Amino acid sequence: MDFKTPELLDMFAATCAVADSSYIGSDAAFANIYLLRKKYDTLIALQEGFLFRYYNGQGSRRGYAFPLGGGDLRKALDWVVEDAHESGRPLEFCLVDEPRAQILREYFEKAVSNRAEPVLHFENNRNDSDYIYSAENLATLPGNQYKKKRNHISRFNRTYSNYELRAITAENIAEAHEVEMKWLNFETLDRSNENDCECVCDCREAAWAERSEDEKSRMAEYCAIKEALENFDALQMRGAILYVEGKPVGMTMASEIAPGVWDIHFEKVIDEYAINGGYAVINKLFAERLVTAGAKLINREEDIGIEGLRKAKLSYNPTIILDKSYCIVVENSPLWRHGAANYRIS
């Protein structure tokens, strides 16, 4: 397969393949594939209606993602196995949900049917699980289960009488960037200019390597947000800015993973406005707009193992918690030793 770095021109074909697959994980949103391509050194291939991805990251962001498309899955998996054999890449899969994990089990069971012991080893990483919600519930916050959220909004209403949510447009897109800069407290990162999103020389790469993992993560997100705003229309993003007394205090951005399923990529509220219920406000008001746009489900992505974030995401009563696994073909399996040609699935 001809793997390459994702480009904006790949969006239509990739999005069609994802829609055909019925997969609704946040990792399949093209905006995520494109915006995080540097963070995870992501490569993609588009072949016969399938989207193939390879992540050169660490931990659970390493290996092939399950091929997404509406065609012959066995043939697509044949291509992955052959690519691993020919390229020398380890035959490992990342971000695999349970339905596709079962397909992998069946595929490799048939491939090595003469082998008694399993050839796959799965590791579930709860930190990668997506939280997926009823869009209608997030827009209306019905019943006792959302009472605390409605109380947060009431507090915001009592504290700030003059606020509104406005769509992100060419006229105010700079104010969305301003919110992120304030939320990030950019000055504390000791970076002289925004071009440091790109490591363009050896000395800069060395300086970057010395930074803490938390700082790297914050800067990677900042760079993704900056690029999302620069390519807002090309990525078919929707977004909104929360204003209080005309001042931008929060922003959010989303894109459609598949028809009716939207992914919230970024959501930020700054300073006292966050403490006084701003997140509940921007969450609800933006969900209302997504419902109007046809959203049935909203994916609010993973909690990356942060306990407070996990608690907050659970408090919104997800309809689905989409667990994802990392899978590796056990090294002493015949498939690993001899390559795909000997184990082609008919």
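All residue numbers here refer to positions counted from 1 along the written sequence of the relevant chain. Residues qualify for local features only when their pLDDT is at least 70, as the model is predicted, and side-chain atom pairs are given and counted only at 80 or more; totals for whole chains, interfaces and linings, by contrast, use all residues. The basis for every side-chain value is the complete set of heavy atoms in the structure, and neither hydrogens nor water enter the calculation.

Enquirer: Give me the lowdown on the overall build of the chain, citing residues and values where you can.
Expert: Across its full length, the chain holds 13 helices and 13 strands. Only protein chains enter the accessibility calculation, which uses a 1.4 Å probe; a residue whose area is less than 20% of its type maximum is buried, one above 50% is exposed, and one in between is partly exposed. Buried positions account for 51% of the 346 residues belonging to the chain. In the chain, of all internal contacts separated by at least 6 residues, the share reaching a separation of at least 24 is 71%. Each accessible area is a Shrake-Rupley result for a 1.4 Å probe, and residues are judged covered by the shown protein chains and nothing else. When the accessible surface of the chain is split by element, carbon and sulfur atoms take 48% of a total near 16,400 Å². Segments assigned H or I by DSSP are reported as helices when at least four residues long, segments assigned E as strands when at least two residues long, and all are numbered from the N terminus. In what follows, a contact means two residues having at least one pair of non-hydrogen atoms within 4.5 Å.

Enquirer: Explain the sheet that holds strand β4 (residues 92-96) to me, and be specific about the residues and the numbers.
Expert: Sheet strands line up and pair through hydrogen bonds in the backbone, either parallel or antiparallel. In this description, strands pair whenever DSSP reports at least two bridges between them. In spatial order, the strands read β1-β2-β3-β4-β13-β5; together these six strands make up an open sheet with mixed pairing. The strands lining the two open edges of the sheet, one partner per strand, are β1 (42-47) and β5 (120-124). The average angle at which neighbouring strand axes cross in this sheet is 25 degrees, direction not considered. Note on geometry: axes are lines fitted to C-alpha atoms, helical ones only across the stretch in contact, with angles between N-to-C directions running from 0 to 180 degrees. Each of β1 and β2 (50-56) is contacted by helix α1 (residues 11-21), which is oriented at about 105 degrees to β2, the strand it contacts most. Across the sheet, helix α3 (residues 73-87) lies against β1, β2, β3 (62-65) and β4, angled at about 35 degrees from β2, the strand it touches most.

Enquirer: Tell me about unusual backbone geometry, residues and numbers included.
Expert: Positive phi outside glycine occurs at Leu-141, with the angle close to 50 degrees. With respect to the helices and strands, the residue Leu-141 is situated in the loop between α5 (135-140) and α6 (147-159). The exposure class of Leu-141 is buried, given its relative accessible area of 3%. In this structure, Asn-317 takes a positive phi of about 55 degrees despite not being glycine. Position of Asn-317 among the secondary structure elements: in the loop between α12 (307-315) and β12 (320-322). Using a relative accessible area of 27% as the deciding quantity, one classes Asn-317 as partly exposed.

Enquirer: Give a description of the sheet that holds strand β9 (residues 247-258) that names residues and reports values.
Expert: Pairing within the open sheet is mixed, and its seven strands lie in the order β7-β8-β9-β10-β11-β6-β12. This sheet does not close on itself; its edge strands, each paired only once, are β7 (163-167) and β12. Shown here is a sheet whose adjacent strand axes are inclined to one another by a mean of 25 degrees, direction ignored. Sheet topology places strand β10 (residues 261-269) next to strand β11 (residues 297-299); three bridges connect them, and they run parallel. Each bridged residue has a counterpart across the sheet, and for Asp-263 the counterpart in β11 is Asn-299.

Enquirer: Any chance you could break down the side chain of Glu-227 for me, citing the residues and the numbers?
Expert: Topologically, Glu-227 is positioned in helix α9 (residues 213-230). Taking the relative accessible area as the measure of exposure, Glu-227 reaches 13% and is therefore buried. A polar atom in the side chain of Glu-227 sits 3.4 Å from the side chain of Tyr-34. The definition of a polar contact used here is a pair of N or O atoms within 3.5 Å, where within protein one atom must be able to donate a hydrogen and the other to accept one, and adjacent residues in sequence count solely through side-chain atom pairs.

Enquirer: Break down the pairing of β3 for me, with residues and values.
Expert: The pairing of β2 with β3 spans three bridges and is antiparallel. Paired with Tyr-54 across the two strands is Tyr-64, which belongs to β3. The turn joining β2 and β3, which pair antiparallel and follow one another in sequence, is formed by five residues; a positive phi near 60 degrees is taken by Gly-59. Relative to β4, β3 is paired through two bridges, and the arrangement is parallel. From the neighbouring strand, Ala-65 faces β4, where its bridge partner is Cys-94.

Enquirer: Could you give an account of α3, with specific residues and numbers?
Expert: Over its 15 residues, α3 runs 21 Å from end to end, which matches the ideal 21 Å to within 8%, given 1.5 Å per residue. Along α3, the residues that are buried comprise Ala-76, Leu-77, Asp-78, Trp-79, Val-80, Val-81, Glu-82, Asp-83 and Ala-84. Its side-chain oxygen placed 3.0 Å from the backbone nitrogen of Arg-74, Asp-72 serves as the N-cap of α3. Backbone geometry just downstream of α3 places Gly-88 in the positive-phi region, at approximately 85 degrees. The span you would expect from a helix comes to 1.5 Å times its residue count less one.

These values are about where atoms sit, not about what they do.
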